[in-house]
Amino acid sequence: MLSFENVTIRQGDFSLAANWQAAAGGRIAVIGPSGAGKSTLLNAVAGFIPLKSGHIRWDGQPLDGLPPGKRPLSILFQDQNLFPHLTVAQNLGLGLDPSLRHVNTAAVDRALERVGLEGLGNRRPAALSGGQQSRAALARALLRARPMLLLDEPFAALGPALKAEMLALVEELAGPALVLMVTHDPEDAQRFSTHTVLVADGIAASPAPTDALFANPPPALVNYLGA
Ligand SMILES: Nc1ncnc2c1ncn2[C@@H]1O[C@H](COP(=O)(O)OP(=O)(O)OP(=O)(O)O)[C@@H](O)[C@H]1O
């Protein structure tokens, strides 16, 4: 269970509040206008931004003070962050051991297989297509087997068919992890998530059932959707 307890996050003049919980295994979209604070919310969970007030907890344990690498989560950004000078397998290995000294190569091979990249571990990322790079980055995140997966528009650069395929793959492979996914595409939210957090006007709202939210959108969502 992820809990935001009277959380306030500040970045310069910008302020964002959150006060809600999300259960393990949930699939949650994070949607809202540009600059509303979607990335800020994820970055606070990941430990890249300190809280101004309140607490973020996982299973009751406060995450405050835990450095990003020690938090119970993996994070995937749009630019995928694959290191160009390392092979795909080494990039995956970094998810297990940043020194690459004690990597379980069988686990890396299994992860490559799960995302459909069997046999491509020796290539450099540049020798993969965009879709394959996304799969490799997802495999690295999943290999860490952390209880939370934070996705910040990771597939925004992919075409619609490939993006749909990646979302299905996340849904299939994330298993018991709680997934929070920032997206600008309402269709992604509807396809992927059971609940959606609307970030607008300085508030990250409680996760609302996605279908009901889009069927009867509050004014901030109507403005955002331009409907
Ligand atoms: N380092 C910073 N210092 C001051 N303000 C910042 C900093 N980083 C971000 N902000 C501000 O925080 C607000 C939220 O930014 P954030 O990137 O979280 O928005 P977002 O909803 O993810 O936007 P987008 O959809 O465009 O990616 C913005 O107003 C932004 O200008």
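Note that this is a predicted model, so its numbers are computed, not measured. (Residues numbered from 1 in each chain as written. Predicted model: local features only at pLDDT ≥ 70, side-chain atom pairs only at ≥ 80, totals over all residues.)

**Q** Just to check I follow, could you spell out the overall build of the protein for this structure?
**A** Across its full length, the protein holds 8 helices and 12 strands. Taking 17 Å as the expected radius of gyration for a compact globule of 227 residues, we find that the protein reaches 18 Å, a close match to that expectation. A principal-axis box enclosing the C-alpha atoms of the protein has dimensions of 50 × 40 × 30 Å. For the protein, the share of sequence-separated contacts (at least 6 apart) that also reach a separation of at least 24 residues comes to 65%. (Helix = DSSP H or I, 4+ residues; strand = E, 2+ residues; numbered from the N terminus. Rg over C-alpha atoms; globule rule 2.2 N^0.38 Å. Contact = placed C-beta atoms within 7 Å.)

**Q** Looking at this structure, I do not really get the packing of helix 3 (residues 105-114) against helix 4 (residues 130-143). What am I missing?
**A** Two elements in contact, helix 3 and helix 4, have axes whose closest approach is 9 Å; the angle formed by their N-to-C orientations is 130 degrees. In terms of orientation, helix 3 lies oblique with respect to helix 4. Pair helix 3 / helix 4 crosses with right-handed handedness. Packed against helix 3, whose contacting residues are Ala 107, Val 108, Ala 111, Leu 112 and Arg 114, the element helix 4 presents Ala 139, Leu 142 and Leu 143 at the interface. For the contact of helix 3 with helix 4, the residue count by class is 7 nonpolar, no polar and 1 charged. (Axes fitted to C-alpha atoms, helices over the stretch in contact; angles between N-to-C directions. Parallel < 35°, antiparallel > 145°, perpendicular 65-115°, else oblique. Left-handed = near helix turned anticlockwise from the far one by under 90°. Nonpolar A, V, L, I, M, F, W, Y, C, P; charged D, E, K, R; others polar.)

**Q** Is there a simple way to explain the site of the ligand in this structure?
**A** The ligand sits among Gln 11, Gly 12, Phe 14, Gly 32, Ser 34, Gly 35, Ala 36, Gly 37, Lys 38, Ser 39 and Thr 40. Sort the elements by how many residues they give to the shell around the ligand and helix 1 (residues 38-46) lands first, with 3 residues. Its residues assigned to classes, the shell around the ligand shows 2 nonpolar, 8 polar and 1 charged. (Near = placed C-beta within 6 Å.)

**Q** Please explain the packing of helix 2 (residues 88-96) against helix 4 as it appears in this structure.
**A** In helix packing, the relevant descriptors are the interaxial angle and the interaxial distance, both defined with respect to the helix axes. Two elements in contact, helix 2 and helix 4, have axes whose closest approach is 7 Å; the angle formed by their N-to-C orientations is 30 degrees. Here helix 2 is positioned roughly parallel relative to helix 4, judged by the angle of their axes. In this structure, helix 2 crosses over helix 4, and the sense of that crossing is right-handed. Counted together, Val 88, Asn 91, Leu 92, Leu 94, Gly 95 and Leu 96 of helix 2 and Ala 136, Ala 139, Arg 140, Ala 141 and Leu 143 of helix 4 form the full contact between these two elements. Residue composition of the contact of helix 2 with helix 4, by class: 8 nonpolar, 2 polar and 1 charged.

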